[in-house]
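Architecture and fold: a report
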Amino acid sequence: MADISPSPALVEKLVYANRILYDQGVVDGLGHVSVRHDTAPDVFMLSCNRAPAMVSPRDIVCYDLDGEAVSSGAERPYLERFIHSEIYRARPDVVAVVHSHSPSVIPFGVTGNRLRPIFHMAGFLGSGSSHFEISDVAGDTDMLIRNRELGRALAQSLGDCTCVLMRGHGSTVVGTSIEQVVYRAIYAEVNAKLQMNAQGMGDVRYLTTVEAGLAAATNDSQIGRSWELWRRRIGPIES
Ligand code: MN
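Residues numbered from 1 in each chain as written. Predicted model: local features only at pLDDT ≥ 70, side-chain atom pairs only at ≥ 80, totals over all residues. Heavy atoms only, no water.

1. Focus on the coordination of the manganese ion
Spelled out, the test is: The donor set comprises N, O and S atoms within 2.8 Å of the metal, extended to 3.2 Å for Na, K and Ca; water molecules are omitted, so apparent gaps in a site may simply reflect that omission. Think of it this way: any DSSP run of H or I at least four residues long counts as a helix, any run of E at least two long counts as a strand, and we number them from the N terminus. Each residue is placed in one exposure class: buried if its accessible area under a 1.4 Å probe, protein chains only, is under 20% of its type's maximum, exposed if it is over 50%, and partly exposed if it falls in between.
Ligation of the manganese ion by protein atoms is provided by Glu-80 (OE), His-99 (NE2), His-101 (NE2) and His-169 (NE2), these donors lying 2.1 to 2.2 Å from the ion. Between consecutive donors of the manganese ion, the numbers of intervening residues give the motif E-x18-H-x1-H-x67-H. Residue His-101 is found in the loop between β4 (96-100) and α3 (106-111), and its partner His-169 is found in the loop between β6 (163-166) and β7 (170-175); the two are separated by 68 residues along the sequence. Since its relative accessible area comes to 10%, His-169 is described here as buried.

2. Topic: the sheet that holds β6
Rule in force here: Here, a strand pair is defined by DSSP locating no fewer than two bridges between the strands. For every element, the axis is a line fit to its C-alpha atoms; helices are fit only across the contacting stretch, and the angle between N-to-C directions ranges from 0 to 180 degrees. Throughout, a contact is declared for two residues whenever any of their heavy atoms are within 4.5 Å.
Spatial ordering of the open sheet is given by β3-β2-β1-β4-β7-β6-β5, a layout of seven strands whose pairing is mixed. At either margin of the open sheet sits one strand with a lone partner, and together these are β3 (60-64) and β5 (130-132). Recorded for the sheet is a direction-independent mean angle of 25° between the axes of neighbouring strands. Sheet strands touched by helix α1 (residues 8-23): β1 (32-36), β2 (43-47), β3 and β4. Its angle to β1, the strand with the most contacts, is close to 155°.

3. Let's talk about the nonpolar core
Here is the rule we go by: Put simply, buried Ala, Val, Leu, Ile, Met, Phe, Trp, Tyr and Cys residues joined by side-chain atoms within 4.5 Å make one nonpolar core.
Core analysis: the biggest nonpolar cluster contains 69 residues, and Leu-115, Ile-145, Ile-178 and Val-182 have the highest contact counts within it. Looking at this core element by element, the count peaks at nine residues for helix α6 (residues 178-199). Aside from chain neighbours lying at most four places away, what touches Ile-145 is Leu-79, Glu-80, Phe-82, Ile-83, Phe-132, Ile-134, Leu-150, Gly-151, Leu-154 and Met-166.

4. Notes on unusual backbone geometry
Here the phi dihedral of Met-143 falls at roughly 80°; this positive angle occurs in a residue that is not glycine. Note on placement: Met-143 falls in the loop between α4 (134-138) and α5 (148-158).

5. Considerations on helix α8 (residues 223-234)
Rules: For a helix, the expected span equals 1.5 Å multiplied by the number of residues minus one. Here the arc refers to the directions that run from the helix axis out to each C-beta atom.
Under the 1.5 Å per step criterion, the end-to-end length of α8 is 17 Å for twelve residues, consistent within 8% with the ideal 16 Å. Listed as buried for α8 are Ile-223, Ser-226, Trp-227 and Trp-230. Projected onto a plane normal to the axis of α8, the buried residues spread over an arc of 100° and lie on a single side. Residues of α8 that are exposed and angled more than 90 degrees away from the buried face: Arg-225, Glu-228 and Arg-232. The inward-facing, buried residues of α8 abut α1, α6 and α7 (209-220). Following α8 by one or two positions, Gly-235 adopts a phi angle in the positive range, close to 80°.

6. Some remarks on the pattern of salt bridges
The criterion, for reference: Here, a salt bridge means any side-chain nitrogen of Lys or Arg that lies within 4 Å of a carboxyl oxygen of Asp or Glu.
Per the stated rule, a full pass over the model turns up 13 salt bridges. Between Arg-89 and Asp-66 there is a salt bridge, with its nearest N and O atoms 2.9 Å apart. Of this pair, Arg-89 sits in helix α2 (residues 81-90) while Asp-66 sits in the loop between β3 and α2; the two residues are 23 residues apart in sequence, bridging distant segments of the chain. Judged by its relative accessible area of 38%, Arg-89 is partly exposed. Under the relative-accessibility criterion, Asp-66 is labelled partly exposed at 28%. The shortest N-O distance in the salt bridge between Arg-148 and Asp-66 comes to 3.3 Å. Within this pair, whereas Arg-148 is found in helix α5, its partner Asp-66 is found in the loop between β3 and α2, the two being separated by 82 residues in sequence. Taking the relative accessible area as the measure of exposure, Arg-148 reaches 35% and is therefore partly exposed.

Laid out in structure tokens, this is it:
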């Protein structure tokens, strides 16, 4: 394998993503964010087993697409790293992944309701989220994606979507950059809250697939502004 030392700037951005997702209420002690390596596409970067708000540059580990650490002396990994490895394998277009248990999304996963774009900020949801049923694959489990087989099944359920709801567990969103996937994780949670409120008021008129696509394209050109704000709340990262 080629030199896999990742770019320090990308490592720093991944550390910011970890801390921002906590600051914005998407992850707590659990949940994680990863990014595909900038020069080795069969490698991705993810923290070792640490709460996202406490992640530092030295915690970032490189993993291969089997979920095995390729950094030497790596600390204990996250149990659910196979979410990331198998999505990177199945989706060459994906550059970053967030997995969380953000609460407003849970009712959708257990009722089989899709998340659908209720406002322009969630245009990335397109025609809606997909759904993963772990018992179809493995019967009774602790609900976690703790091996390659479950990761592969999850990636299959994700399909071409940007968001997959995991029944009784949480959700996973994908994107083409760290900034974009953090944005999507934040607004999947916001959209879920709004969608639940609106559904209680009557028939909901969601963005059409075309409207969603147009809104997503515009939002993608504006993410830098939000990222700058989210980052400022974190302050400087120690090296
Ligand atoms: Mn989980």
